[in-house]
Amino acid sequence: MQRDADMLRDAGVTGVSVRLETPRGTVTARSGVGDLIVRRPVPKDGYLRLGSITKTFVATVVLQLADEKRLTLDQTVEQLLPGVVSGAGNDGRTITIRDLLRHTSGLYDYTADVFPGPSAHTYHTNRWQAYRPEQLVAMAMRHEPGFPPGTDWAYSNTNYVLAGMIVQKVTGRSWEQQVHDRVLRPLGLRHTDTPGTWPLLPHPHAANYQQFAEDGPMIDTTLPYRPFDSGADGSMTGTARELNHFFTALVGGRLLTPAALAAMRTAVPVPQDSGHPAGTRDGLGLFLTPLSCGGDYLGHGGSGLGYLVRTATTTDGRRAVTVSAHSRPADPRTAARQEDALHSLIDHALCGTA
């Protein structure tokens, strides 16, 4: 595992941290540096921005509500949020909750509107701007859908902004409160949080760096970009230890009934050009990815300006790994090499060859 972490560092990542849980105990590896100024080590089990791994927590809450008969996965967005998804060919009457959770809605991804250009100027100028969920959805509604609901797959953060709004509508409480009450507190995850627009990570943590232009400098982006780092689609923070605990508890049936967990794992193919490994399928807040040793692993990734996090577990929950990479390059070829190295690390860890 140390060799694989070093390979990720050698592919250009400033700092790497890995935590693997197995029946025989915990294995960790770190490589690179925690910041480019003092060049301190990457902290052990430091705090992370979870990005889109937030979606797995939100999907878990939605499926718990389905277990409780407070909603059904085949209910439409229009039934729960009347008039919210409409305009430019968007029609909430044809989009189900299931479509939202597995990204088959066809809805436009609002993030392209709130980050209009990949530049340090955009990051520094707009990073304190926060939007209400209704504003983000309204932005997306100015764009035509990419395809009729249920006919194709495309990742869209707008889907989970709507899922968070649905949790609020059904329960009368925010998705953050529901995640705390239904997931974090029962599992004892005291170092996982829903900070909203609060910009600072607890200590210790590594610095995150984004390269906005090829051959350009690495810009410190440890402070979040609030326009897409503060909602149900990607705002949570936590640690690798607690991410592994959450995913093994989820897969092990501690949070959902067998029927709800089966629904979560019922997946659709992800297109080859989506940036995911070949054969990846998307369930409800969970991706299923083939392992070289046979079978699949279950997991989700999170990314933002300057960081990538992946958590994955075997289907029996016996092995779980979280990998954090604390920089992102501007060159797409370098980014692809880093993604390949990250996927190889996860595969080796879960197949028992790490």
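Right above here is the structure, for reference.
Residues numbered from 1 in each chain as written. Predicted model: local features only at pLDDT ≥ 70, side-chain atom pairs only at ≥ 80, totals over all residues. Heavy atoms only, no water.

*Asks:* Is there a simple way to explain the layout of surface pockets in this structure?
*Replies:* It is the rolling of a water-molecule-sized probe over the atoms that shows where space remains empty. The calculated volume of the second largest pocket comes to roughly 300 Å³. Taken together, 21 residues make up the lining of the second largest pocket; nearest its centre are P133, M165, W175, G231 and A232. The set of elements that each furnish at least two residues to the lining of the second largest pocket consists of α7 (133–140), α8 (157–171) and α9 (175–187). When residues of the lining of the second largest pocket are assigned to their parent elements, the largest contribution, five residues, is made by α8. Grouping the amino acids of the lining of the second largest pocket by side-chain chemistry returns eleven nonpolar, six polar and four charged. (1 Å grid on protein atoms, 1.4 Å probe; cavity = no way out; pocket = protein on both sides within 12 Å on 5 of 7 lines; lining within 4 Å. Points joined across faces, edges and corners; volume = space filled by probe spheres on them. Helix = DSSP H or I, 4+ residues; strand = E, 2+ residues; numbered from the N terminus. Nonpolar A, V, L, I, M, F, W, Y, C, P; charged D, E, K, R; others polar.)

*Asks:* Looking at this structure, how should I read helix α10 (residues 240–251)?
*Replies:* An α-helical turn contains 3.6 residues, so any two residues separated by three or four positions project in the same direction. End to end, α10 covers 17 Å across twelve residues, agreeing with the expected 16 Å (1.5 Å per residue, within 8%). Those residues of α10 that sit buried are A240, E242, L243, N244, F246, F247, A249, L250 and V251. Immediately downstream of α10, the backbone of G253 shows phi near 85°, a positive value. (Expected span 1.5 Å × (residues − 1). Buried < 20%, exposed > 50% of the residue type's maximum accessible area, 1.4 Å probe, protein only.)

*Asks:* Help me understand the nonpolar core, please; the structure alone is not making it clear to me.
*Replies:* Here is a general trend for soluble globular proteins: nonpolar side chains tend to be buried in one another's company. Core analysis: the biggest nonpolar cluster contains 70 residues, and F57, L101, F246 and M264 have the highest contact counts within it. When neighbours within four sequence positions are excluded, L101 is seen to be in contact with A59, V62, L73, Y160, A163, G283, L284 and G285. If you look at the next biggest cluster of nonpolar residues, it comprises 22 residues, including A325, A341, L342 and L350. (Core = buried A, V, L, I, M, F, W, Y, C linked by side-chain atoms within 4.5 Å. Contact = heavy atoms within 4.5 Å.)

*Asks:* Can you walk me through the sheet that holds strand β1 (residues 15–22) in this structure?
*Replies:* Adjacent strands of a sheet form backbone hydrogen bonds with each other and so pair up, either parallel or antiparallel. Taken in spatial order, the eight strands make up an open sheet running β2-β1-β14-β13-β12-β11-β10-β9, and their pairing is antiparallel. A strand with exactly one partner marks an edge of an open sheet, and here the two such strands are β2 (25–32) and β9 (268–269). Against the sheet, helix α1 (residues 2–10) touches β1, β2 and β14 (320–325), its axis set at about 25° to β2. (Pairing = 2+ DSSP bridges. Axes fitted to C-alpha atoms, helices over the stretch in contact; angles between N-to-C directions.)

*Asks:* Looking at this structure, how should I read α7?
*Replies:* Three or more residues of α7 are buried, namely L136, V137, M139 and A140. One side of α7 carries all its buried residues, which in axial view fall inside an arc of 155°. Close packing links the buried residues of α7 with β5 (90–91), α5 (111–114) and α8. (Arc of directions from axis to C-beta.)

*Asks:* How should the side chain of N157 be read in this particular structure?
*Replies:* The topology assignment puts N157 in helix α8. At 3.1 Å, the side chain of N157 forms a polar contact with the side chain of D109. Discounting residues that sit within four places of it in the chain, N157 has contacts with S52, K55, D109, Y110, T111 and D233. (Polar contact = N/O pair within 3.5 Å; in protein donor to acceptor, adjacent residues only side chain to side chain.)

*Asks:* Hey, could you run me through the environment of Q178 in this one?
*Replies:* Within the secondary structure, Q178 sits in helix α9. Assessed through its relative accessible area of 5%, Q178 is described here as buried. Separated by 63 residues in sequence, Q178 and F115 have C-alpha atoms that sit 29 Å apart. Once you skip the residues sitting within four places of it in the chain, Q178 turns out to touch V61, V167, T171, R173 and V183.

*Asks:* Whenever I open this one, the pairing of β14 confuses me. Can you help?
*Replies:* Regular strands have side chains that alternate between both faces of the sheet. Within β14, six of the six residues are buried, leaving the element largely enclosed by the surrounding structure. Burial along β14 is two-sided: the residues A320, T322 and S324 and V321, V323 and A325 are all buried. Sheet topology places strand β13 (residues 307–314) next to β14; six bridges connect them, and they run antiparallel. Bridging from a neighbouring strand, R310 pairs with V323 of β14. Remark: five residues form the turn of the hairpin made by β13 and β14, two consecutive strands paired antiparallel; G317 in that turn has positive phi of roughly 75°.

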